Amino acid sequence: MKKLSYLALGLSILSLTACNNANETASTDTAAADGSTELTAPSRPECIAPAKPGGGFDLTCKLAQAGLRDTGVLTDPMRVTYMPGGVGAVAYNKIVANDRDNGDAIVAFSTGSILNLSQGKFGKFTEKDVKWLAGVGTDYGAIAVNAESPIKDLAGLVEKLKSDPKSVSFGAGGSVGGQDWMQTAILAKAVGVNPSDMTYVAMEGGGEAITAVMGNHITVVSAGIAEIMPQATAGKLRVLAVFSDERLGGSMADVPTAKEQGYDVTWPVVRGYYMGPDVSAGAYNWWKDAFDKMLADPKFAEIREQQELLPFSMTGEELEAYVYKRTGELRELSAEYGLVGAEAPAK
């Protein structure tokens, strides 16, 4: 069986640095622990979710909101704002073109954002046009149907897909070439179906796609397992497969992997945040130190687990290197599926 796992997830542990006065949220500057710079705390902390409420970006922002609050790193409330459009393109363009030095705002991203950047879907901007801040968790792609669907398992879906690809409508947050499309395309290819023969319905965010499958407007929803599990736990969705190497724990322990069902498909989804390219060193370092402290706190591990996410901890330059490497890998994968050229865009 040909291996179709393109994204082996390289987890690493960041060496944490101490910071001074991280709990303060006034707009005044405070000295960093090593004295090398000053930390500028946000006056109106904000997390931008670049989609409608209810999907993975919303989950990512609320993870930071709860994590920073409950670990005591941020005492002032952090608001979550929604900026849908282009599955992240509108938010990316706003930060890079019009709000470059906003030290109050962090923007949620996922592996899907990196995939879109690799395909040039954010216009003239590339992965090198923002400051990558922190990666705080990972989940995996998954596919699910309405709990009342006649499709009972992955084998049933594959049988239907092979007999009549057009009869199975996949819905997801994002267009053709996006990460939710990509994981279904990899599955289709694994079972001998041309991905271009599938019926795919693009939506603005995973929340909208989940609502559509619960309303029987589409056959299958493709999303992250963390997005799907609340409705699966409520008995409204049936998860056919999670695209992880091994079964996950907790409430996901009963969800079968695609691999154990005979289809070697994996798709890890990293979740994190970036900031504008001209944010001051003081503001960026305050946020970096805040996330370092939050990630080291056992309370955050509990919050992350409650959101059905798995550990992933990277900040600063380490995350930047990871994003640059992953973008190159996804550009090659996209070229394999005829979505882009394999070469990196000129910069």
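Everything below is about the structure shown above.
Note that the coordinates shown come from a computational prediction; the quantities given were computed from them, not determined experimentally. Starting from 1, residues in each chain are numbered consecutively following that chain's sequence as written. Confidence filtering applies because this is a predicted model: local features only for residues at pLDDT of at least 70, side-chain atom pairs given and counted only at 80 or more, and all residues used for totals across whole chains, interfaces and linings. To obtain the side-chain values, all non-hydrogen atoms of the structure were used and water was disregarded.

Trainee: Account for the pairing of strand β11 (residues 268-275), with residues named and values stated.
Mentor: Each residue's exposure class comes from its accessible area (1.4 Å probe, protein chains only) as a fraction of the maximum for that residue type: buried when under 20%, exposed when over 50%, partly exposed otherwise. Numbering of helices and strands runs from the N terminus; a helix is a DSSP stretch of H or I covering at least four residues, while a strand is a stretch of E covering at least two. With eight of its eight residues buried, β11 lies for the most part within the structure. With burial as the criterion, each face of β11 is covered, one bearing Pro 268, Val 270, Gly 272 and Tyr 274 and the other bearing Val 269, Arg 271, Tyr 273 and Met 275. Strands pair, by our definition, only if DSSP identifies at least two bridges between them. Where strand β5 (residues 105-110) lies against β11, four bridges are found, and the strand directions are antiparallel. Bridging from a neighbouring strand, Ala 108 pairs with Tyr 273 of β11. In the sheet, strand β6 (residues 131-146) pairs with β11 via eight bridges, with the strands oriented antiparallel. Bridge pairing in β11 places Gly 135 opposite Gly 272.

Trainee: Describe the packing of aromatic side chains, with residues and values.
Mentor: Stacked, edge-to-face and tilted are the three classes for Phe, Tyr and Trp ring pairs, Trp counted by its six-membered ring, which pair at centre distances within 6.5 Å; planes under 30 degrees apart are stacked, over 60 edge-to-face, the rest tilted. Scanning the entire structure with this criterion turns up nine aromatic pairs. Of the aromatic side chains, those joined through ring pairs into one cluster are Tyr 92, Phe 109, Phe 122, Trp 132 and Tyr 274. Here, a charge over a ring is recorded when the distance from Lys NZ or Arg CZ to the ring centre is within 6 Å and its angle to the ring normal is within 35 degrees. The aromatic ring of Tyr 324 is capped on one face by Lys 128, whose charged end is 5.5 Å from the ring centroid. Geometry around Tyr 337 places Lys 189 over its ring, the cationic atom sitting 5.1 Å from the centre.

Trainee: Tell me what's going on with the nonpolar core, and back it up with residues and numbers.
Mentor: To qualify as a nonpolar core, a set must consist of buried Ala, Val, Leu, Ile, Met, Phe, Trp, Tyr and Cys residues joined through side-chain atoms within 4.5 Å. The biggest cluster of nonpolar side chains holds 56 residues, and the ones touching the most others in it are Tyr 92, Trp 132, Ile 143, Leu 154, Leu 157, Trp 267 and Tyr 274. For this core, the element with the most residues is helix α5 (residues 179-190), which contributes six residues. Core analysis: the second largest hydrophobic core is formed by 36 residues, Leu 74, Ala 226, Tyr 284 and Ile 303 among them.

Trainee: Kindly report on α5, identifying the contributing residues and their values.
Mentor: Every helix has an expected span of 1.5 Å times one less than the residues it contains. Counted at 1.5 Å a residue, the expected span for α5 with its 12 residues is 16 Å, and the 16 Å between its end C-alpha atoms agrees. With 10 of its 12 residues buried, α5 lies for the most part within the structure. Taken as a whole, α5 has its buried residues at Gln 179, Asp 180, Trp 181, Met 182, Gln 183, Thr 184, Ala 185, Ile 186, Leu 187 and Ala 188. With its phi angle positive at about 85°, Gly 192 sits one or two positions after the end of α5.

Trainee: How would you explain the packing of helix α1 (residues 56-70) against helix α8 (residues 281-296) if you had to name every residue and give the values?
Mentor: For the pair α1 and α8, the least separation of the axes is 10 Å and the interaxial angle reads 75°. Judged by the angle between their axes, α1 and α8 are roughly perpendicular. Listed contacts from α8 to Ala 64, Gly 67 and Leu 68 of α1 are Trp 287, Ala 290, Phe 291 and Met 294. Gly is placed with the polar residues, together with every amino acid not listed as nonpolar (Ala, Val, Leu, Ile, Met, Phe, Trp, Tyr, Cys and Pro) or charged (Asp, Glu, Lys and Arg). Considering only residue class, the contact of α1 with α8 consists of six nonpolar, one polar and no charged. Angles shown run from 0 to 180 degrees and are taken between the N-to-C directions of axes, each axis being a line fitted to C-alpha atoms and, for helices, limited to the stretch in contact. The scheme is simple: roughly parallel for angles under 35 degrees, roughly antiparallel for over 145, roughly perpendicular for 65 to 115, oblique for anything else. Working rule for contacts: check all heavy atoms of both residues, and any pair within 4.5 Å makes them a contact.

Trainee: Describe the state of the cysteines, listing the residues and the values that go with them.
Mentor: As used in these notes, a disulfide is a covalent bond between sulfur atoms, one from each of two cysteines. A pair of cysteine sulfur atoms is labelled a disulfide when the two atoms are within 2.5 Å. In total, this model carries one disulfide according to the counting rule given. Between the sulfur atoms of Cys 47 and its disulfide mate Cys 61 the distance is 2.1 Å. Judged by the torsion about the S-S bond (-75°), the Cys 47/Cys 61 disulfide is left-handed. One end of the pair, Cys 47, is in strand β3 (residues 46-49); the other, Cys 61, is in helix α1, with 14 residues separating them in the sequence. Per residue, the accessibility class of Cys 47 equals that of Cys 61, and both read buried.

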